[in-house]
Amino acid sequence: MTPQDASPADPRVLFADLIGEPGALLPVLLRIQARLGFVPPDYVPVVAEALNLSRADVQGVLSFYTDLRSEPPARHALRICRAEACQAMGSDALQVTPVPGRLEVEPVYCLGLCACAPAVVIDGALHGRVTPERLATFVADLPE
Amino acid sequence: MSETVVYVPGDAAAIAVGADRVAQALQAEAGARGLALRIVRTGSRGLLWLEPMLEVATPAGRIAYGQVAEADVPGLLDAGLLTGGAHALRIGAPEAHPYLRDQQRWVFARSGIVDPASLDDYLAHGGYRGLRRALGMLPAAMVAEVEASGLRGRGGAAFPTGIKWRTVLGANATQKYVVCNADEGDSGSYSDRMLMEGDPCALIEGMTIAGVAVGASEGWIYLRSEYPHAKRALETAIEGAVRGGYLGNSVLGSGRAFHLRLRIGAGAYVCGEETALLESLEGKRGVVRAKPPLPAIAGLFGRPTLVNNVVTLASVPAIFEHGAAAYAALGSGRSRGTLPLQLAGNVKRGGLVEVPFGISLRALIQDYGGGTASGRPVKAVQAGGPLGAYLTERDFDLPLDYEAYAARGALLGHGGFVVFDDRADMPKLARYAMAFCAAESCGKCTPCRIGSTRGVEVIDRIVGARAVEDRTRNVVLLRELCDTMTHGSLCALGGLTPLPVLSALDKFPAEFGIASDAVAGS
């Protein structure tokens with residue numbers, strides 16, 4: 001399962017097994033995003049119909065949660081923890097300029113690595129005790 | 001030659017500082033040297049500043065080596081790592097380490113020791129003794145046991161756990177639920193994560209006991225998406241429990257059913273609030289519900305629901321194994337038992353310290369923590385997460401006890417402590433508290449949704465004002481705003497955000513450009 005698989009002809013195959021689940025909407029949206037990297041806007045009416053919800057219900061959940069997105073992601077994702085424990089260890093000095101399409105840089109509020117602060121996550125890989133120099137190396141070492 | 005077992009933490013914090021690379025290097029180097037070695041990925045012991053900390057099983061017990069980098073591996077093997085040989089990184093027996101020696105581990109008794117993926121290992125270390133005892137008791141007696149233990153909610157609110165259990169037990173319904181709040185979003189807290197990664201079976205056992213006690217056949221775990229390692233550990237442990245007959249239609253042949261589901265969040269801090277969490281589990285926006293009705297009466301899908309935090313539920317097996325009286329014998333005042341304290345931020349020896357309530361913050365920060373990581377003086381400590389007060393030197397001798405902290409206008413919360421050195425910018429931290437609330441507010445109630453944004457603006461005006469009168473006027477406004485948020489918000493997010501803000505203001509008035517007598521609150 002790699003993110004950004006091609007969209008299947010019938011979007012429903014992505015989440016057919018979840019339709020009967022109680023409270024299925026959030027798991028369905030997370031599944032779509034896990035497969036495609038994002039939730040394409042034209043999936044909203046499909047999900048609404050499959051779960052017998054209104055489009056507003058689906059759009060409402062999609063817009064509420066930080067993790068869910070309606071746009072394709074950049075190739076690489078850097079998330080820098082901006083919460084207190086990382087601030088106490090100088091996370092303000094961790095600054096990286098995003099590169100459209102290639103690298104997105106987002107704040108995250110706590111990765112639970114507060115005793116190994118400051119912490120970042122790059123393409124899912126956790127790093128603690130990060131310095132500005134190490135962070136620059138991580139970013140420079142990202143594959144094209 | 002028999003194979004030597006080396007334990008390398010698979011804990012996310014250990015991985016973040018290189019544990020996976022150390023494990024790979026060790027496997028490769030041992031292979032190249034023809035050494036028979038088996039690596040077991042455990043949780044962490046909680047000596048997090050020593051991670052990656054690996055342990056070798058020797059005839060004399062486990063021997064630990066700390067702060068191991070992959071480059072150290074060949075040298076360690078040269079030094080006789082597999083027989084516990086001398087080396088600069090050698091720590092010795094982990095249990096004898098001063099950081100661990102005086103801890104009293106009830107909840108974290110197995111973390112860092114057992115293989116979290118192995119049900120057999122869990123059983124070999126006392127696992128499921130609590131459930132076996134519980135299954136011989138009537139539900140009312142089980143609830144009475146929890147009440148007698150004095151256990152209170154470890155997620156932060158410290159509500160007496162037994163009262164919740166009794167309420168759900170007394171609720172009449174064909175379907176009830178046990179929900180585990182594993183949405184640990186507070187900076188400075190990581191005990192839930194460590195428990196789920198290091199000893200997930202204890203959480204499963206605790207939930208099973210809870211389900212049997214209150215008459216709930218279904219348990220749901222709501223885990224935050226930032227914890228993928230905990231997700232994998234829980235999935236494996238749930239599969240193991242199902243295979244072993246500890247979950248299913250008849251738990252250990254008792255005729256009582258208990259099934260467990262794992263649900264993942266999607267990045268919303270407010271979902272740590274129990275009613276927002278229930279909304280999210282129902283697949284909706286994580287918007288806070290007005291109470292009453294309490295979740296214990298009308299919770300998930302409108303059914304009676306027991307909502308407890310990870311550490312609360314994971315405390316239950318030990319209480320049943322050793323008896324409520326033994327647990328209640330520990331502690332201070334109305335805070336009974338142990339609390340896994342978490343030292344974080346600018347501290348030399350950050351980690352998890354499980355001790356009975358009652359020790360002082362000074363002992364925690366100095367004796368365990370060794371002071372700041374930077375070597376500079378401690379300026380402030382935020383206790384209890386982003387909604388907790390900033391404490392200063394004057395507060396350090398307070399006993400760690402829910403009531404003692406509340407009496408000082410502070411929050412013990414989940415026992416997470418973030419240490420700041422003398423470079424901390426208090427107005428900036430106060431502004432951050434408001435900005436965080438604004439970003440994470442669910443939007444349902446006005447004091448939180450609007451108040452937090454106004455709070456950011458007012459703090460900016462205080463800090464930016466040239467004239468003292470302007471600053472003083474805006475401080476009065478900030479206090480009024482905080483009063484509205486405290487008393488008018490629907491949940492703890494808006495209701496407690498004033499704590500860090502006002503504690504920063506009251507304890508560091510000069511940093512806000514205010515004379516201390518001008519702020520002596522209303």
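### Topic: the overall build of chain B
Phase 1: Scanning chain B for helices and strands turns up 21 helices and 16 strands.
Phase 2: Its C-alpha atoms give chain B a radius of gyration of 24 Å, near enough to 24 Å, the size a compact globule of 522 residues would have.
Phase 3: Each principal axis of the C-alpha atoms in chain B carries an extent, and together these give about 80 × 60 × 40 Å.
Phase 4: Within chain B, the proportion of its 522 residues that are buried is 62%.
Phase 5: For chain B, the share of sequence-separated contacts (at least 6 apart) that also reach a separation of at least 24 residues comes to 71%.
Phase 6: Distance between charge centroids for chain B: 3 Å, based on 52 positive and 52 negative side chains.

### Points about the packing of aromatic side chains
Phase 1: The full count for this structure, using the stated rule, is 15 aromatic pairs over all chains.
Phase 2: Ring geometry for Trp106 of chain B versus Tyr327 of chain B: centroids 5.2 Å apart, planes at 70°, classification edge-to-face. Separated by 221 residues along the polypeptide, Trp106 of chain B in the loop between helix 4 (98–101) and helix 5 (119–124) and Tyr327 of chain B in helix 14 (residues 324–328) bring together distant segments of the chain.
Phase 3: Given the relative accessible area of 1%, Tyr327 of chain B is considered buried.
Phase 4: When the ring of Tyr122 of chain B is compared with that of Tyr128 of chain B, the centres are 5.4 Å apart and the planes differ by 85°; the resulting orientation is edge-to-face.
Phase 5: Taking the relative accessible area as the measure of exposure, Tyr122 of chain B reaches 0% and is therefore buried.
Phase 6: Classification of Tyr128 of chain B as buried rests on a relative accessible area of 1%.
Phase 7: Three or more aromatic residues joined by ring pairs form one cluster here, namely Tyr109 of chain A together with Tyr269, Tyr432 and Phe436 of chain B.

### Points about empty space enclosed by the protein
Residues and elements named next belong to chain B.
Phase 1: The full count for this structure, using the stated rule, is four cavities of 30 Å³ or more.
Phase 2: Of the voids in this model, the largest cavity is the one considered here, and its volume is about 70 Å³.
Phase 3: If you go around the largest cavity, you meet 14 residues; those closest to its centre are Val288, Cys442, Cys445, Cys448 and Cys491.
Phase 4: Taken together, the residues of the lining of the largest cavity sort by class into eight nonpolar, four polar and two charged.
Phase 5: Each pocket or cavity is described by its volume, and for the second largest cavity that value is around 50 Å³.

### Quick notes on the domain arrangement of chain B
Residue and element names in this part refer to chain B.
Phase 1: Taken as a whole, chain B is organised into domain 1 (4–101), domain 2 (119–328), domain 3 (331–421) and domain 4 (426–518).
Phase 2: Domain 1 and domain 3 are separated by 30 Å when their C-alpha centres are compared.
Phase 3: With six residues of domain 1 at the contact, the number on the domain 3 side is eight residues.
Phase 4: Together, the buried faces of domain 1 and domain 3 total about 520 Å²; carbon and sulfur atoms form 59% of this surface.

### Focus on the nonpolar core
Phase 1: Counting 159 residues, the largest nonpolar core has Tyr65 of chain A together with Trp165 and Leu203 of chain B as its most contacted members.
Phase 2: By residue number, the principal contributor to this core is helix 10 (residues 200–214) of chain B, which donates 10 residues.
Phase 3: The next biggest cluster of nonpolar side chains, apart from the first, holds 33 residues, and it includes Met53, Val353, Tyr402 and Phe417 of chain B.

Rules of the game
- Residues numbered from 1 in each chain as written.
- Chains lettered and ligands numbered in written order.
- Predicted model: local features only at pLDDT ≥ 70, side-chain atom pairs only at ≥ 80, totals over all residues.
- Heavy atoms only, no water.
- Helix = DSSP H or I, 4+ residues; strand = E, 2+ residues; numbered from the N terminus.
- Rg over C-alpha atoms; globule rule 2.2 N^0.38 Å.
- Buried < 20%, exposed > 50% of the residue type's maximum accessible area, 1.4 Å probe, protein only.
- Contact = heavy atoms within 4.5 Å.
- Lys, Arg positive; Asp, Glu negative; His and termini not counted.
- Charge placed at Lys NZ, Arg CZ, Asp CG, Glu CD.
- Phe/Tyr/Trp six-rings, centres within 6.5 Å; stacked < 30°, edge-to-face > 60°.
- 1 Å grid on protein atoms, 1.4 Å probe; cavity = no way out; pocket = protein on both sides within 12 Å on 5 of 7 lines; lining within 4 Å.
- Points joined across faces, edges and corners; volume = space filled by probe spheres on them.
- Nonpolar A, V, L, I, M, F, W, Y, C, P; charged D, E, K, R; others polar.
- Domains from an automatic or database assignment.
- Buried area = accessible area lost by both parts, 1.4 Å probe.
- Core = buried A, V, L, I, M, F, W, Y, C linked by side-chain atoms within 4.5 Å.

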